[in-house]
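One-letter residues, chain by chain:
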Amino acid sequence: MITLLDYGAGNVRSVINAIEKLGQTVKIVASAADIDRAERLIFPGVGAFGSMMAILEAKGYVAPLQRYLKADRPFLGICLGFQALFEGSDEAQGVAGLGILPGKVERFNADRMPQPLAVPHMGWNGIRARQASPLFAGLTGDEKFYFVHTYHVSADRDADVLTLTDYGYPFASGAQRGRIIGTQFHPEKSGAAGLRILANFIADDTPAATLTDGPSTTQLAKRIIACLDVRANDAGDLVVTKGDQYDVRESGSVRNMGKPVELAGRYYTEGADEITFLNITGFRDFPLKDMPMLSVLEHTSRSVFVPLTIGGGIRDYIDASGRRYAALEVAAAYFRAGADKISIGSDAVAIVEAYLKSGAATGESAIESIARVYGNQAVVISVDPRRVYVAHPEAVPHVVIPTATPGPNGESYCWYQCTVKGGREGRPLDAVTLARVCEKLGAGEILLNCIDRDGTNSGFDLELIQAVKSAVGIPVIASSGAGCEDHFAAVFEHTAADAALAAGIFHRREVSIAAVKRHLTGRVTVR
Ligand code: 1PR
């Protein structure tokens, strides 16, 4: 029996699913006494350090946890649950951590990096072992694990460092003292290697092992993401569909590319680094009424152990009886069902328009409120821009870029117009400005689609991707237009994109995820 400390923020469902997949039962801590009684305790932390400690304090868990840890009983802290072991964090000045390990958690410091890298550190990176550990049994050292964090534990520490990871500079990605272990990465989101780590912790008698084939420095991999656009077809069945420039109908019917849970399972097996579900008609209805997406997530997260993103319809909503549902409530339901990130499309445009009009943040928008509770890394902005050509950079009051592909009248400039409602309505806002403002409001990642390229197999719009990427410090996912393996090489070699997403070529089995990764090997780092 594994005891799980869930303090109510974020996705503990994946940890439960992973433990259950390994054949164990999970007991969720419901009182301080459950901590005293635990045989093996897992503490997956999500969100912000300050609110985590406040909740632990309010529930009366701090003293029993310290008691448990000081008695050297088996403990695995994950992400924020790892950071909780330390004395404090720059994320919450003046808030004490559990203080079991010395030192303070720090923010990633771009000034210490040879070149500033995107923060949060998000994606698959390696580990360099500094101690032998039962966690390492059956691993070689060249595996990658899923990280998502803005704060880290310093590498300049004493004997308790378990692993180091490099991101601009080395940091401690794991610590171990006796039977107390913490990892900054998420084993429950790290595919087969992560499940192995959890299995090693769960087993009573795993002998300590060393990693033999580890790298001398580790590198964050460029992520390959499979995207599933989901909607009901005319018969009312929930299907994965795929559009051409967002038109998902062929001879009048919604294209049916397969079943969402099945396809997600296939992409996990084929090596997808993440899976994104977009409920493409979510803007129409009240998303909490749209229960099939919750059930898609619940089912998928039981057997898919990589990060899951869900988008579509995440916004404030007032129903027919006048009851207001906050976007935060909608997001909470998705996180509970197994999502790691939510993606906001149309509402992000409205939020940025309101921000630019008033010149100030309200603190109440969906972006701000979800980021506050679940962390910036959990908020993705899905952008649906369309290219508009202009003859001169001053022709419109938007961010205009020079283009190597002139327009129909020889125009050598363009801007990228944001759209809402799945591309049905253009807005007087450009994608670069949208991305910048969303970052300021607390978004953690940009999913950058391109209506002109969607479904065309003609390659990513490199000009768009580089324009947005150079305007923000958060990760950018390049999307729309992938038609062959070399398009992925092009997007990573000619832009600083952090990830590339594709749909059609994977659904139609034209190119497999494994083939993309084989093609990229030796050119860019992949998992
Ligand atoms: O506005 O918050 O409700 O979110 C709706 C979401 O649904 C947005 O993220 C929006 O991008 C998406 N969406 C809406 N309509 C469509 C459509 O296709 N008719 N899909 C749509 C967007 C674009 C990508 C696609 C890539 C790669 N799909 O997700 O997967 O372009 O495709 P490719 O590799 O085949 O070229 P809200």
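Predicted model, so just to flag it, every value in this text is computed and none were measured. (Residues numbered from 1 in each chain as written. Predicted model: local features only at pLDDT ≥ 70, side-chain atom pairs only at ≥ 80, totals over all residues. Heavy atoms only, no water.)

(A) Focus on the site of the ligand. Neighbouring the ligand are 24 residues; K242, S346, S382, D384 and D454 lie closest to it. A distance of 2.5 Å is found between an oxygen atom of the ligand and a side-chain nitrogen or oxygen belonging to S346. Between D384 and the ligand, the recorded distance is 2.5 Å, taken from a side-chain N or O atom to an oxygen atom. Taken by itself the ligand offers 770 Å² of open surface, and the protein chains cover 99% of this. At the level of secondary structure, the elements contributing two or more residues to the shell around the ligand comprise β14 (223-232) and β30 (499-502). (Near = heavy atom within 4 Å. Polar contact = N/O pair within 3.5 Å; in protein donor to acceptor, adjacent residues only side chain to side chain. Areas by Shrake-Rupley, 256 points an atom, 1.4 Å probe, with all protein chains shown as cover. Helix = DSSP H or I, 4+ residues; strand = E, 2+ residues; numbered from the N terminus.)

(B) Local environment of the packing of helix α14 (residues 485-494) against helix α16 (residues 513-520). The geometry of α14 relative to α16 is characterised by a closest axis approach of 9 Å and an angle of 50° between their N-to-C directions. Put simply, α14 runs oblique to α16. In terms of crossing hand, the pair formed by α14 and α16 is right-handed. Contact with α14, carried on its side by E485, D486, F488, A489 and F492, involves A515, V516, H519 and L520 of α16 and no other residues of that element. (Axes fitted to C-alpha atoms, helices over the stretch in contact; angles between N-to-C directions. Parallel < 35°, antiparallel > 145°, perpendicular 65-115°, else oblique. Left-handed = near helix turned anticlockwise from the far one by under 90°. Contact = heavy atoms within 4.5 Å.)

(C) Structural view of unusual backbone geometry. The omega angle of the peptide bond from V119 to P120 is 5°, so this bond is cis rather than trans. Position of P120 among the secondary structure elements: in the loop between β6 (104-107) and β7 (121-125). Of note, S480 is a non-glycine position whose phi angle comes to about 90°, a positive value. Among the structural elements, S480 can be located in the loop between β29 (476-479) and α14. The phi dihedral of R509 falls on the positive side, at around 55°, and the residue is not glycine.

(D) Spatial organisation of the domain arrangement of the chain. Split by domain assignment, the chain resolves into domain 1 (2-202) and domain 2 (223-520). On a C-alpha basis, the centres of domain 1 and domain 2 stand 30 Å from each other. Facing 24 residues of domain 1, the contacting portion of domain 2 comprises 30 residues. Both sides of the domain 1 and domain 2 interface together cover about 1,900 Å² of buried area, and 60% of this is carbon and sulfur. Area buried by domain 1 at its contact with domain 2 is led by M122, W124 and K189, which between them contribute 27% of it. Scanning the region where domain 1 abuts domain 2 turns up one salt bridge. Along the contact surface separating domain 1 from domain 2 lie seven residue pairs in polar contact (both at pLDDT 80 or more). Within the residue set of the side of domain 1 that touches domain 2, elements represented by two or more residues are α1 (13-21), β7, β9 (145-149) and α6 (191-202). Among the elements that take part in the side of domain 1 that touches domain 2, α1 stands out by supplying five residues, more than any other. Among the residues making up the side of domain 1 that touches domain 2, the classes are represented as twelve nonpolar, eight polar and four charged. (Domains from an automatic or database assignment. Buried area = accessible area lost by both parts, 1.4 Å probe. Salt bridge = Lys/Arg side-chain N within 4 Å of Asp/Glu carboxyl O. Nonpolar A, V, L, I, M, F, W, Y, C, P; charged D, E, K, R; others polar.)

(E) Summary view of the nonpolar core. Counting residues in hydrophobic clusters, the biggest one holds 132 residues, and the most contacted among them are I275, F277, I370, I381 and F488. For this core, the leading source of residues is helix α9 (residues 327-337), giving eight residues. Two domains each put at least three residues into this core: domain 1 (2-202) and domain 2 (223-520). Residue contacts for I381: discarding those within four places in its chain leaves I344, A348, I367, L434, C438, A443, E445, I446 and L447. Membership of the second largest hydrophobic core comes to 34 residues, among which are Y61, L80, A92 and L164. (Core = buried A, V, L, I, M, F, W, Y, C linked by side-chain atoms within 4.5 Å. Buried < 20%, exposed > 50% of the residue type's maximum accessible area, 1.4 Å probe, protein only.)

(F) Highlighting the packing of aromatic side chains. Counted according to the given criterion, the structure contains 14 aromatic pairs. Between the aromatic rings of Y7 and F43, the centroid separation amounts to 5.8 Å while the plane-to-plane angle is 80°, which identifies the pairing as edge-to-face. With Y7 in the loop between β1 (2-4) and α1 and F43 in strand β3 (residues 41-45), the pair connects residues that are 36 residues apart, well separated along the chain. By the burial criterion, Y7 is buried, and F43 matches it. With centroids separated by 6.4 Å and ring planes inclined at 75°, the aromatic side chains of Y268 and F305 adopt a geometry described as edge-to-face. Here Y268 is found in helix α7 (residues 260-270), whereas its partner F305 is found in the loop between α8 (291-303) and β19 (308-311), with 37 residues between them in sequence. An identical accessibility class is assigned to Y268 and F305; each is buried. Of the aromatic side chains, those joined through ring pairs into one cluster are F108, F145, F147, Y167, Y169, F171 and F185. Looking at R112, its charged tip hangs above the ring of Y169, at a distance of 3.8 Å from the centre. Sitting over the ring of W124, R527 keeps its end group 3.8 Å from the ring centre. (Phe/Tyr/Trp six-rings, centres within 6.5 Å; stacked < 30°, edge-to-face > 60°. Lys NZ or Arg CZ within 6 Å of the ring centre and 35° of its normal.)

(G) Just the pattern of salt bridges, in detail. In the structure shown here, the tally under the stated rule is 29 salt bridges. A salt bridge links R177 to D160, with the nearest nitrogen and oxygen atoms 3.7 Å apart. With a gap of 17 residues between them, R177 in strand β12 (residues 169-177) and D160 in the loop between β10 (151-154) and β11 (161-167) connect regions that are remote in the sequence. Residue classification places R177 among the partly exposed residues on the basis of a relative accessible area of 39%. The class of D160 is buried, set by a relative accessible area of 4%. Through salt bridges that share partners, R223, E274, K341 and E445 make up one connected network.

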